[in-house]
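Fold and contact review
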Amino acid sequence: MSRIPSIIKEQQQFFKSQKTKDIDYRLSLLKALKLEILSKEQAIFNALEKDFKKSEFEGYLSEIGLVMNSLNLAIKNLKRWARPKRIKSSLLNFPSKDYIYSEPYGNVLVIAPWNYPFLLALEPLIMAISAGNTVVLKPSELTKHTSKITTEIIQNVFSENFAVSIEGGIETSTALLAQKWDYIFFTGSTKVGKIVAEAAAKHLTPVVLELGGKSPCIIDDSVNLKLIARRLVWGKLLNGGQTCIAADYVIVKNNIKENLIEVLKAEIIKRYGSNPKTSPDFPRIINKNNTKRIETLLEGQNIIFGGDIQIEDCYISPTLIDEPSLDSKIMQEEIFGPVLPILTYETELDIETIIWNTEKPLSFYVFSEHSDFIESIIKKYSFGGGVINDLLIHFGNHRLPFGGVGDSGTGSYHGKHGFDTFSNKKSIIKRGNWFDPSFRYAPYKGKMSLLKKVFKYLG
Ligand code: NAD
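Conventions adopted
Residues numbered from 1 in each chain as written. Predicted model: local features only at pLDDT ≥ 70, side-chain atom pairs only at ≥ 80, totals over all residues. Heavy atoms only, no water. UniProt positions renumbered as here; feature names shortened; annotations may be inferred. Axes fitted to C-alpha atoms, helices over the stretch in contact; angles between N-to-C directions. Helix = DSSP H or I, 4+ residues; strand = E, 2+ residues; numbered from the N terminus. Parallel < 35°, antiparallel > 145°, perpendicular 65-115°, else oblique. Left-handed = near helix turned anticlockwise from the far one by under 90°. Contact = heavy atoms within 4.5 Å. Core = buried A, V, L, I, M, F, W, Y, C linked by side-chain atoms within 4.5 Å. Buried < 20%, exposed > 50% of the residue type's maximum accessible area, 1.4 Å probe, protein only. Domains from an automatic or database assignment. Phe/Tyr/Trp six-rings, centres within 6.5 Å; stacked < 30°, edge-to-face > 60°. Lys NZ or Arg CZ within 6 Å of the ring centre and 35° of its normal. Near = heavy atom within 4 Å. Polar contact = N/O pair within 3.5 Å; in protein donor to acceptor, adjacent residues only side chain to side chain. Areas by Shrake-Rupley, 256 points an atom, 1.4 Å probe, with all protein chains shown as cover. Buried area = accessible area lost by both parts, 1.4 Å probe. Pairing = 2+ DSSP bridges.

- Per an unreviewed UniProt entry, the chain goes by the name Aldehyde dehydrogenase and belongs to Algibacter marinivivus.
- Its UniProt record, at the heading Sequence similarities (unreviewed entry), says of the chain: "Belongs to the aldehyde dehydrogenase family."

Given below as structure tokens:
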């Protein structure tokens, strides 16, 4: 931790040297990072397995594959993204040529969570570097194997004055937040997001907060239940349910609830066996504290499937809960585990009562064949992003900005949106000198009617 002030000073000096503005230099490092990750693929898989028994398939699908995708995208498009963009000029300024320049903010702090420890550390770093910023990354202390390999990878590619990973827990994070940054990118809980926002406000540092919340999944009675069960079980149980955009709970039309429960039970057994503990594809809860936290959420609830908890092994089996009350803890707190509460609705008013019981969610899912119903739901509620008839997949399209709203976050990234997030957009007008109408200069007498006409034609 004592290294922090000197590292920041070095990064500030390096940024001022203008070296990071060199696009070819950025590209050479992004390419080197790609090669380094490729050479460490197995080590990353092993780390994820050690941290929470994450399978290689999920490790590639939800971590390494997405990181490589981000790198490939940045390498392919960086020159175009970084070029000043010519914009239509205003008649008011005639003659002129207008541009938007993307400039890096400067020294960026990235704080990452544990649940997708490789992806959520590397993707913001890649976009911050692409945009020409220096980066200090603070990976999560809860996934120590993955954080260690992430630190090694960064160390092997970057000099410390450009990008560095500083491992540590809350104390390290607090020490980093006490410094002045040009930009902070935080992914984690809403509670810690508020601490980060407060620290950033002291220096008027712009901040992106990628937070959590309770993401609902609404299912009406027009659907193919078997297909839904397949998608819902996949999206809920990926990463052991420890996904910020997982469906936190289901609101199903009351006449199909019993059928839904039956198909969900069958689907869970089909995918993970009757004892999911022995499945190589079912991850563990990250640590004993979180396992106990989820155990507490289950107290007093009507468990209709699963409910097998083994604290020592950080194991919670896929679990279904029938109709928890809205004021119970499980309906107040983000679950972040393989536990799915099932609530019912008769009218849209019932849905409203449930959704507005909590803050604005990060994600929102609707399963239905009725486009009017879908449209009314999508337009009525405020949330970060969502999917109709599936879960999670909006995360995978880099053309869609990803982020939350209100308590689930502020700001967004992914693909070009990530580059833009880490770039200050400078507006520049280059005025022509060959013509300088006297119109805007005093005395103004007799010019008002022409002024009004000009404003009428402004685009
Ligand atoms: P967390 O907020 O506990 O920790 C995130 C990071 O903040 C870690 O690096 C941690 O060391 C640091 N931290 C923890 N307490 C701190 C404090 N008091 N002061 C300063 N720094 C502190 O979150 P987590 O448990 O790692 O991750 C789970 C949460 O993250 C869930 O709420 C989940 O929904 C959310 N999440 C959101 C996204 C998204 O993209 N929106 C993605 C993944 C996870």
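1. A short note on the packing of helix α2 (residues 23–39) against helix α4 (residues 56–82)
- Two numbers describe how α2 lies on α4: the axes approach to 10 Å, and their chain directions differ by 165 degrees. By the angle between their directions, the pair α2 and α4 is classed as roughly antiparallel. Helix-helix and strand crossings are classified by hand; for α2 and α4 the assignment is left-handed. Residues Ile23, Asp24, Arg26, Leu27, Leu30, Lys31, Leu33, Lys34, Ile37 and Leu38 of α2 form the contact with α4, whose own contacting residues are Ile64, Val67, Met68, Leu71, Asn72, Ala74, Ile75, Leu78, Lys79 and Ala82.

2. Structural notes on the nonpolar core
- The biggest cluster of nonpolar side chains holds 91 residues, and the ones touching the most others in it are Leu33, Ile37, Leu125, Phe158, Ile219 and Leu232.
- Split by domain, this core shows at least three residues from each of two domains, domain 1 (4–211 + 409–424) and domain 2 (216–403).
- Counting 26 residues, the second largest nonpolar core, distinct from the first, contains Cys314, Val339, Ile355 and Ile377.

3. Examining the packing of aromatic side chains
- By the definition in use, this model includes 23 aromatic pairs.
- Between Phe14 and Tyr25, the aromatic rings sit 6.4 Å apart at their centres with planes inclined by 65 degrees, giving edge-to-face as the arrangement. Of this pair, Phe14 sits in helix α1 (residues 4–16) while Tyr25 sits in helix α2, and the two are 11 residues apart along the sequence. Like Phe14, the residue Tyr25 is buried in the burial classification.
- Taken together, a centroid distance of 5.6 Å and an interplanar angle of 15 degrees make the contact between Phe364 and Tyr381 stacked. Here Phe364, found in strand β15 (residues 363–367), pairs with Tyr381, found in the loop between α13 (371–380) and β16 (385–388); they are 17 residues apart in sequence, far enough to count as distant. Here Phe364 matches Tyr381 in class, with each residue buried.
- Here a set of aromatic residues connected by ring pairs shows up, and it is made of Tyr105, Tyr183, Phe185, Phe395, Phe402, Tyr413 and Phe422.
- Here the guanidinium or amino end of Lys19 rests over the ring plane of Tyr25, the centre of that ring lying 4.3 Å away.

4. Side note on unusual backbone geometry
- Of the consecutive residues Phe94 and Pro95, the connecting peptide bond is found in the cis state with omega at 0 degrees.
- Structurally, Pro95 can be placed in the loop between β1 (85–87) and β2 (96–104).
- A cis amide bond, omega 0 degrees, links Ala442 with the succeeding residue Pro443.
- For Pro443, the location among the structural elements is in the loop between β18 (423–431) and α15 (448–456).
- Although it is not a glycine, Gln18 adopts a positive phi angle of roughly 75 degrees.
- Tracing the sequence through the fold places Gln18 in the loop between α1 and α2.

5. Considering the site of the ligand
- Around the ligand, the structure places 26 residues, and the nearest of them are Ala112, Glu141, Ser189, Leu211 and Glu334.
- A distance of 2.7 Å is found between an oxygen atom of the ligand and a side-chain nitrogen or oxygen belonging to Glu141.
- One of the backbone nitrogen or oxygen atoms of Gly188 is found 3.2 Å away from an oxygen atom of the ligand.
- Protein chains shield 89% of the accessible area of the ligand, which is 840 Å² for the free molecule.
- When contributions to the shell around the ligand are tallied by element, the ones reaching two or more residues are α7 (170–177), β6 (183–187) and α8 (190–202).

6. Structural notes on the domain arrangement of the chain
- Under the domain assignment, the chain is made up of domain 1 (4–211 + 409–424) and domain 2 (216–403).
- The distance between the C-alpha centroids of domain 1 and domain 2 comes to 30 Å.
- Interface area, domain 1 with domain 2, both sides summed: about 2,100 Å², of which 60% is carbon and sulfur.
- Broken down residue by residue, the surface that domain 1 buries against domain 2 is led by Glu58, Trp114 and His414, which jointly contribute 25%.

7. Regarding the sheet that holds β15
- Read across the open sheet, the 7 strands follow the order β10-β13-β14-β9-β8-β15-β16; overall the sheet is mixed. Looking at the sheet topology across the chains shown, the edges are occupied by β10 (303–305) and β16. Neighbour-to-neighbour, the strand axes of this sheet turn through a mean angle of 25 degrees, independent of strand direction.
- Most of the contacts of helix α12 (residues 348–355) go to strand β9 (residues 249–253), to which it runs at about 170 degrees, and overall it touches β8 (216–219), β9, β14 (339–345) and β15.

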